[in-house]
Amino acid sequence: MNNPIDTMLHEHDVISQAADIVETLNGAWEDDADGYAEKATKLIAFFREYADDYHHRKEEDVLFPALKDHPDFVLEEMVDEFEQHHEDFREYAADAESALADGDHAASYKHLKAYVSDLLDHIAAENDEIFVLAENLLSENDLETIYFRFEDIDRDLGYDRKAELERQVKEM
């Protein structure tokens, strides 16, 4: 069986690697403001494109609706909370980008740091709750369907671009 949860866990690992890079930027602007701005810009773009476009889209458009539509699913508020987190992450990225554009590197880092702190908590909760729930609640057929819908999203956005974003994180 093609398991969509494996896809989600892999993407979480990649996103977590990018989150770890943010930690290395603390105060980096003091010695190399341009280098900091370049790396922060790449990270913001990564979070927007990979975490949001590739990953969160799969959850919001496919996985979460599949869970909500299941007759035995009763934790709709939990899914709503995860979706709200995604909105919060978009705001963090916008705030970090805005501060960076204003040349306020310390503020941009503060927003990035808050973003990844909340993001890592979010990832842990999804791994331990939503994904386990999905595997236990949904049938193999349902999971297979979700997997191929995930593949459709990756194909639409570009397999090569996704692989490139994953390489960029490893090279940072």
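Just above, that's the structure.
Only a predicted model underlies this, so the values are computations on that prediction, with no experimental measurement involved.

### Some thoughts on the overall build of the protein chain
Here comes step 1: Secondary structure summary: the protein chain contains 6 helices and 0 strands in total.
Here comes step 2: Overall size of the protein chain, expressed as C-alpha extent along the three principal axes, is 55 × 35 × 20 Å.
Here comes step 3: Every one of the 172 residues in the protein chain was classed for burial, and the buried ones make up 43%.
Here comes step 4: For the protein chain, long-range pairs separated by at least 24 residues make up 82% of all intrachain contacts whose partners lie at least 6 apart in sequence.
Here comes step 5: Looking at the protein chain as shown, the accessible area adds up to about 8600 Å², and 44% of this sits on carbon and sulfur atoms.
Here comes step 6: Looking at the protein chain, you have 15 positive and 47 negative side-chain charges, and the mean spots of the two groups are 6 Å apart.

### Some details on the environment of Ser16
Here comes step 1: Residue position: Ser16 is located in helix H1 (residues 4-23).
Here comes step 2: A relative accessible area of 17% means that Ser16 is categorised as buried.
Here comes step 3: In the structure, Ser16 is positioned 28 residues away from Ile44 in sequence and 14 Å away in space, judged by C-alpha atoms.
Here comes step 4: If sequence neighbours within four positions are ignored, Ser16 has contacts with Leu120 and Ile123.

### Overview of the packing of aromatic side chains
Here comes step 1: For the coordinates displayed, the defined rule picks out 10 aromatic pairs.
Here comes step 2: Here the aromatic rings of Trp29 and Tyr36 are separated by 5.1 Å at their centres, their planes lie at 75°, and the arrangement is edge-to-face. For the pair Trp29 and Tyr36, one class covers both residues: buried.
Here comes step 3: Ring centres of Trp29 and Tyr109 lie 5.6 Å apart, and the angle between their planes is 45°; on these two criteria the pair is classed as tilted. You can see Trp29 sitting in the loop between H1 and helix H2 (33-69) and its partner Tyr109 sitting in helix H4 (residues 105-137), a full 80 residues away along the chain.

### A look at the packing of H1 against H4
Here comes step 1: Between H1 and H4, whose axes approach to 10 Å, the crossing angle comes to 160°. With respect to each other, H1 and H4 are oriented roughly antiparallel. Classified by chirality, the crossing of H4 by H1 is left-handed. For the pair formed by H1 and H4, the contact residues are Ile5, Met8, Leu9, His12, Ile15, Ser16, Ala19, Val22 and Glu23 on the first element and Tyr109, Leu112, Lys113, Val116, Leu119, Leu120, Ile123, Glu126, Asn127, Phe131, Ala134 and Glu135 on the second.
Here comes step 2: Looking at the contact of H1 with H4 residue by residue, the class counts come to 14 nonpolar, 3 polar and 4 charged.

Quick notes on the rules
Residues numbered from 1 in each chain as written. Predicted model: local features only at pLDDT ≥ 70, side-chain atom pairs only at ≥ 80, totals over all residues. Heavy atoms only, no water. Helix = DSSP H or I, 4+ residues; strand = E, 2+ residues; numbered from the N terminus. Buried < 20%, exposed > 50% of the residue type's maximum accessible area, 1.4 Å probe, protein only. Contact = heavy atoms within 4.5 Å. Areas by Shrake-Rupley, 256 points an atom, 1.4 Å probe, with all protein chains shown as cover. Lys, Arg positive; Asp, Glu negative; His and termini not counted. Charge placed at Lys NZ, Arg CZ, Asp CG, Glu CD. Phe/Tyr/Trp six-rings, centres within 6.5 Å; stacked < 30°, edge-to-face > 60°. Axes fitted to C-alpha atoms, helices over the stretch in contact; angles between N-to-C directions. Parallel < 35°, antiparallel > 145°, perpendicular 65-115°, else oblique. Left-handed = near helix turned anticlockwise from the far one by under 90°. Nonpolar A, V, L, I, M, F, W, Y, C, P; charged D, E, K, R; others polar.

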